[in-house]
Amino acid sequence: MSSHRQAAVRRLAAPDITARKGQTPVVCLTAYTAPMAEILDEHCDLLLVGDSVGMVVHGLPNTVGVTLEMMILHGQAVMRGSTRAMVVVDMPFGSYEGSAEVAYENAARLMKETGAQAVKVEAGETIVQNIEYLVKRGIPVMGHVGLRPQAVLVDGGFKAKGKGADERQKILQEARATAEAGVFAIVVEGVAEGLAREITEAVAVPTIGIGASAGCDGQILVTDDMLGLFDWTPKFVRRYADLRGEITGAIARYADDVRARRFPGPAEIYFAKAG
Ligand code: KIV
């Protein structure tokens, strides 16, 4: 990209997303690679380099095994592939919970080495002070309440949250505290519509729902889920394509062509004579 073009492009930044509270819904998707980021960039306001990359790309059973190095590599790829959307990188499990200083060191490394505009953390009660510490030192932070995938081992699975009144109150309180700590937006995952609307009304920053109804200020999905790359998708995902079917068909046709020596053909080899 020329320096002229670079100067003409301004990426959306944290204040742009915050300003969308109560306006047109914020469109977000996950991205882990440069080519996918390139496709999503013109359609999305925000690309999340989610730690779901551990499960979606690396075949891990959950996000607990994701490392800072993995997030940096994928963050760099997504930044290379996009020019317009805000890019947010997930802080992986174990990189921000221990102390505010450790959180800062790791968040600063993620920001410097990827060039992303913000980090995201899963916001339990104990994390709120670390969020405040980061924001006060110049790191835009996105929160994440409700179903917190990094807590899968404590929760015993990926389970929707907020069935009982006590848990609903706790999540609402976490969302309030997260907003007060200075986040620019909050992901709300796996809660019923009523709670999603309550949270959205209670906080001054946009809520970005995933499995949390249209009562949020924006929506996010795991891109590979909505493109139908897996044979199973959660209830809250709408499949906009059947890429698994498309890919399976294409690979089967390729395999048949190779075995029958139909590929490569005359037009697919070097120095073939025309006609
Ligand atoms: O890691 C991720 O992809 C996420 C989204 C599901 C919000 O946190």
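What counts and how
Residues numbered from 1 in each chain as written. Predicted model: local features only at pLDDT ≥ 70, side-chain atom pairs only at ≥ 80, totals over all residues. Heavy atoms only, no water. Helix = DSSP H or I, 4+ residues; strand = E, 2+ residues; numbered from the N terminus. Rg over C-alpha atoms; globule rule 2.2 N^0.38 Å. Buried < 20%, exposed > 50% of the residue type's maximum accessible area, 1.4 Å probe, protein only. Areas by Shrake-Rupley, 256 points an atom, 1.4 Å probe, with all protein chains shown as cover. Lys, Arg positive; Asp, Glu negative; His and termini not counted. Charge placed at Lys NZ, Arg CZ, Asp CG, Glu CD. Near = heavy atom within 4 Å. Polar contact = N/O pair within 3.5 Å; in protein donor to acceptor, adjacent residues only side chain to side chain. Nonpolar A, V, L, I, M, F, W, Y, C, P; charged D, E, K, R; others polar. Pairing = 2+ DSSP bridges. Axes fitted to C-alpha atoms, helices over the stretch in contact; angles between N-to-C directions. Contact = heavy atoms within 4.5 Å. Phe/Tyr/Trp six-rings, centres within 6.5 Å; stacked < 30°, edge-to-face > 60°. Lys NZ or Arg CZ within 6 Å of the ring centre and 35° of its normal.

*Asks:* With reference to specific residues and values, describe the overall build of the protein chain.
*Replies:* Across its full length, the protein chain holds 12 helices and eight strands. Against the globule reference of 19 Å for 275 residues, the protein chain gives a C-alpha radius of gyration of 21 Å, in line with a compact fold. Structurally, the protein chain occupies a C-alpha span of about 75 × 45 × 35 Å along its principal axes. Every one of the 275 residues in the protein chain was classed for burial, and the buried ones make up 48%. Carbon and sulfur atoms form 56% of the exposed surface of the protein chain, whose accessible area is close to 14,400 Å². Put simply, the protein chain has 29 plus and 33 minus side-chain charges, and the middle of one group is 4 Å from the middle of the other.

*Asks:* Talk me through the site of the ligand; I want residue IDs and the actual numbers.
*Replies:* Around the ligand, the neighbouring residues are Thr30, Leu48, Gly50, Asp51, Ser52, Asp90, Lys120, His144, Val187 and Ile210. Contacts to the ligand include aspartate 51, whose side-chain N or O atom sits 3.0 Å from an oxygen atom. In this structure, an oxygen atom belonging to the ligand sits 2.5 Å away from a side-chain N or O atom of serine 52. Tallied by class, the residues present in the shell around the ligand amount to three nonpolar, four polar and three charged.

*Asks:* Give a description of the sheet that holds strand β7 (residues 207–210) that names residues and reports values.
*Replies:* In spatial order, the strands read β1-β2-β3-β4-β5-β6-β7-β8; together these eight strands close into a barrel with parallel pairing. Strand-to-strand twist of the sheet, defined as the mean angle between neighbouring strand axes without regard to direction, takes the value 25°. Two strands pair when backbone bridges link them, and β7 and strand β8 (residues 218–221) are joined in this way by two bridges, in the parallel orientation. When the sheet's bridge partners are listed, glycine 209 is paired in β8 with glutamine 219. Across the sheet, helix α9 (residues 165–180) lies against β5 (141–146) and β6 (185–189), angled at about 175° from β5, the strand it touches most.

*Asks:* Quick one: what's the story with the packing of aromatic side chains, residue by residue and with numbers?
*Replies:* Under the definition given, this model contains three aromatic pairs. Plain terms: the ring middles of tyrosine 270 and phenylalanine 271 are 6.1 Å apart, the flat faces sit at 45° to each other, and that makes the pair tilted. Residue tyrosine 270 is classed as exposed on the basis of its relative accessible area of 77%. Judged by relative accessible area, phenylalanine 271 falls into the exposed class, the value being 83%. In this structure, arginine 137 packs its charged tip against the face of tyrosine 133, placed 3.5 Å from the ring centre.

*Asks:* Explain the environment of alanine 123 to me, and be specific about the residues and the numbers.
*Replies:* Inspection of the secondary structure puts alanine 123 in the loop between β4 (118–120) and α7 (128–136). Residues alanine 123 and glutamate 101, 22 residues apart in the sequence, show an inter-C-alpha distance of 17 Å. Setting aside anything within four residues of it in sequence, one finds alanine 123 in contact with Ile131, His144, Val145, Arg148, Glu174 and Thr178.

*Asks:* I'd like a rundown of the environment of leucine 68, residues and numbers included.
*Replies:* The residue leucine 68 is located in helix α5 (residues 68–81) in this model. Classification of leucine 68 as buried rests on a relative accessible area of 10%. Taking C-alpha positions, leucine 68 is 18 Å from alanine 34, a pair spaced 34 residues apart along the chain. Those residues in contact with leucine 68, other than ones at most four positions away along the chain, are Pro92, Ser95, Asn106, Arg109 and Leu110.

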